[in-house]
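The residues making up each chain are set out below.
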Amino acid sequence: MSIGITNIQYVLPEQAHTLEALEASGRLESPAGRLREFGFDRVHVSAEPAETLAIEAVGRLLRESAVDPESIDAIFYAGAIPASHCAGAAAENFLHGFNYPVSRVQFECGLVNAAAAGVSQLGCLGLMSAVRSAEGFLAASPAANRVICVSADVFPHAAPREVIYNAISDGAAALLIERGAARNRLLAYRQITKGYYWDCIARKNEIVAAYFPTAQHIVRETLTQAALTLEEIDWLLPHNVSRRSWEILLGLLGLPREKLFDRNIAAKGHVIAADNFINLADLTDLGLARPGQKLLMFNFGLGANWGCMILEH
Amino acid sequence: MNDVILITGATGSVGRELAGALACDPAVERIYAVSRGIGSTPELPKVAWIRGDVTLPLRLDVAREITVIVHAAADTRFSTSLSAARAVNVGGLEQVLALASRCPRLRRMAHLSTIYVAGRRCGRVLENELDHNAGFVNAYEQSKYESEQLVRTWANKVPIAVYRLSTIIGEEAGGDPGKLGAIHQAMGFMYHSLAPMIPGSPGNLIDLISLNYAVGSIAWLLRHRFEPGSTLHICGADESLTLDELLDLVIDCFHRFRPAWRKRAIAKPAVVPLETFELFVRSVEEIGEATLCRCVNAIKHFAPQMFYSKRFDDSQAQRALADSGIQRPRMRQLCSQVVRRLIETNWTAAGRELVTP
């Protein structure tokens, strides 16, 4: 049984702010120049709530895939920030907390046969973990064939746009996960959670330090799981954190720079949970990925969670 | 004829222990211990403390009595500037050599140096080798290298031997680390999840010794096997662990001696190419976050040495120590005891606490 990602659609808000504009409005902790040295250029900022971006991304996915919405068996909605799991404005009535965006997306997009669930508390690893959940769902449900995974996050209006030296964009990505997929077959996935770092403010320095050796460890483990060597990986699809951190991580991994698809770090910023899959979509659209190539994705989410996934294109 | 010994740097880790060890020797009549300040000097039998600064001309009334000089004074800070390191490690030696030339009864002089005069050399390092153009990891190494060059120019005027010490990690009995050094700090950073990477290769040897081995060897060699013009390595040599073995051992000690540490699931530092380590250090310094900066500053001046794979040969020292009963420490046992002590004392020594959050 091959399960894979057969289509990816994403939505980035048109409105983009340069680092200098963000600095001028007090929305960066670091100087704009330093973040520019780290590979960033601009971020995309949404005036719409997260679920609106999610609905748009899923709508595009259904149109581009030309699949019947009623043929979708499940939808997993991954949001990194807590507000992404509550549709509409925070309200005085606590029952508004039950206004789940996944239900709204299911309704708006006509996914009448889709079981819905949210994937949360994984930070930026949410969407990758949702894909793993979709694979597990399909493996456990012989009658099911299609799952949509969607992530959408929008930072609060006027909130800081820098998280641990990374410039953050709003955005959404929707993936179609299918049984019998001819491309982007899931070969291996590994997640490591280290609850010691649960307090991301108090343990910020320790997280920075733990990030690198744990990343090296999980990449090696995932390669072993896939029975592959690092040399057999054709592309490394990053999460769009600072290019500097990727240069360091490439040094740890022993992977050449040209295998890193890093052009989106400057152009799109760190689109929270969606980065890896936006990069896969762009890599494919640019014709850079060939059938049979092995693609390695690595991501990290506060919590702290490290994730690594290997696909065969 | 009993010996009258002058020790410089007698308040340092090695100098202090050496003074105590030599004082126990019946053949030693008196020890003059030179210290810049006499406020914190320990009371030891036969030891008289003299206030003095080795970077200034030493005019001692007792010069005519002295039969043995041990020059242990040094600026051992890895982060110090070359000019500051030279002032003490070369300039200081020059003053002591000048004093030695005015000691009519002088029979033996020992200059304590470091095996890391080898700097960035790689491969097997012999005791009789000094000259190289590989460069140095820090000013301490370079200044000690230059001090040995100075020793050579005085070799026909003063009966002097060079004892190159390895990194002293602590005492064998009880694992007291003594004054905390860079290696202890690095272990502390590992414990506190602040050590992401170390430059080197997993198979590179990390040469360490115990304070007992260093002091016992020097005392024995001075008394029984002194050979002017010789250079000996007081080091771990074949007993050394590889970098990977040492990291695993330290992690294992954290698990054994502080079982609750296990649930933190702190990763073993990655062993990385030097340029990757330097890029990380540069990034931390650019970010300017205070705690991370303190951590990288504490290790960046010595950690690159682990990248330059070398194996120190101590065969001449072993021959000289053959009848002494003194043996290189068993490294796993030594390191385990030191790590245990560090955990138990939370990286405090002599009232000084490690730089951690």
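The structure displayed is predicted, hence computed values, not measured ones. (Residues numbered from 1 in each chain as written. Chains lettered and ligands numbered in written order. Predicted model: local features only at pLDDT ≥ 70, side-chain atom pairs only at ≥ 80, totals over all residues. Heavy atoms only, no water.)

### Digging into the layout of surface pockets
To find the voids left in a structure, one rolls a probe of water-molecule size over its atoms. Just so we agree on the cut-off: Space inside and on the surface of the protein is sampled on a 1 Å grid over the protein atoms alone, with a cavity defined as a set of points where a 1.4 Å probe fits but cannot get out and a pocket as an open set with protein on both sides within 12 Å along at least 5 of 7 lines; lining residues have an atom within 4 Å of a point. Grid points are joined across faces, edges and corners, and a volume is the space filled by probe spheres set on the points. Note on conventions: DSSP H or I runs of at least 4 residues are helices, E runs of at least 2 residues are strands, and numbering of each starts at the N terminus. Note on residue classes: Ala, Val, Leu, Ile, Met, Phe, Trp, Tyr, Cys and Pro are nonpolar, Asp, Glu, Lys and Arg are charged, and everything else, Gly too, is polar.
There is about 1100 Å³ of room inside the second largest pocket. Around the second largest pocket, the lining comprises 45 residues; the ones closest to its centre are V163, I164, N166, F300 and L302 of chain A. Mapped onto the lining of the second largest pocket, the elements with two or more residues apiece are β7 (162–163), α6 (204–225) and α7 (243–253) of chain A together with α8 (274–287) of chain B. Take the lining of the second largest pocket: its biggest share by element is 5 residues, from α6 of chain A. Residue classes in the lining of the second largest pocket are distributed as 29 nonpolar, 12 polar and 4 charged.

### A look at the domain arrangement of chain B
Residues and elements named next belong to chain B. Rules: Domain delimitation in this document rests on an assignment produced automatically or drawn from a domain database. What gets called buried area is simply the loss in accessible area from a 1.4 Å probe that two parts show on being joined, summed for both. For salt bridges, the criterion is a side-chain nitrogen of Lys or Arg within 4 Å of an Asp or Glu carboxyl oxygen. Side-chain atoms alone can form a polar contact between residues adjacent in sequence; in general such a contact is a pair of N or O atoms within 3.5 Å, and within protein one must be able to donate a hydrogen while the other accepts it.
Per the domain assignment, the segments of chain B are domain 1 (3–165) and domain 2 (170–205 + 241–309 + 329–353). Between domain 1 and domain 2 lies a buried interface of about 850 Å² when both sides are counted; carbon and sulfur atoms form 57% of it. When the buried surface of domain 1 facing domain 2 is broken down by residue, F78, R120 and V137 rank first, second and third, together holding 45% of it. Summed over the shared surface of domain 1 and domain 2, the result is 0 salt bridges. On the surface where domain 1 and domain 2 come into contact, there are 4 residue pairs in polar contact (both at pLDDT 80 or more).

### A closer look at α8 of chain B
To be explicit about the condition: Here a helix's expected span is defined as the number of its residues, less one, multiplied by 1.5 Å. Only protein chains enter the area calculation, which uses a 1.4 Å probe; residues under 20% of their type maximum are buried, those over 50% are exposed, and those in between are partly exposed. Working rule for contacts: check all heavy atoms of both residues, and any pair within 4.5 Å makes them a contact.
Taking 1.5 Å per residue, 14 residues should reach 20 Å; α8 of chain B reaches 20 Å between its end C-alpha atoms and fits that length. Of the positions making up α8 of chain B, those classed as buried are L274, T276, F277, L279, F280, V281, S283, V284 and E286 of chain B. Buried positions along α8 of chain B lie against α2 (32–37), α6 and α7 of chain A together with β9 (197–199), β14 (270–272) and α9 (290–299) of chain B. Where α8 of chain B terminates, the next one or two residues include G288 of chain B, which has phi positive at roughly 80°.

### Re the packing of aromatic side chains
Quick note on the threshold: Any pair of Phe, Tyr and Trp rings, taking the six-membered ring for Trp, is counted once the centres come within 6.5 Å. Such a pair is stacked with planes under 30 degrees apart, edge-to-face with planes over 60 apart, and tilted for the rest.
Per the counting criterion, the structure on display carries 22 aromatic pairs over all chains. Judged by centre distance (5.7 Å) and plane angle (80°), the rings of F212 of chain A and F280 of chain B are edge-to-face. Taken together, the residues span two chains, with F212 of chain A in helix α6 and F280 of chain B in helix α8. Take F280 of chain B: its relative accessible area is 5%, and that puts it in the buried class.

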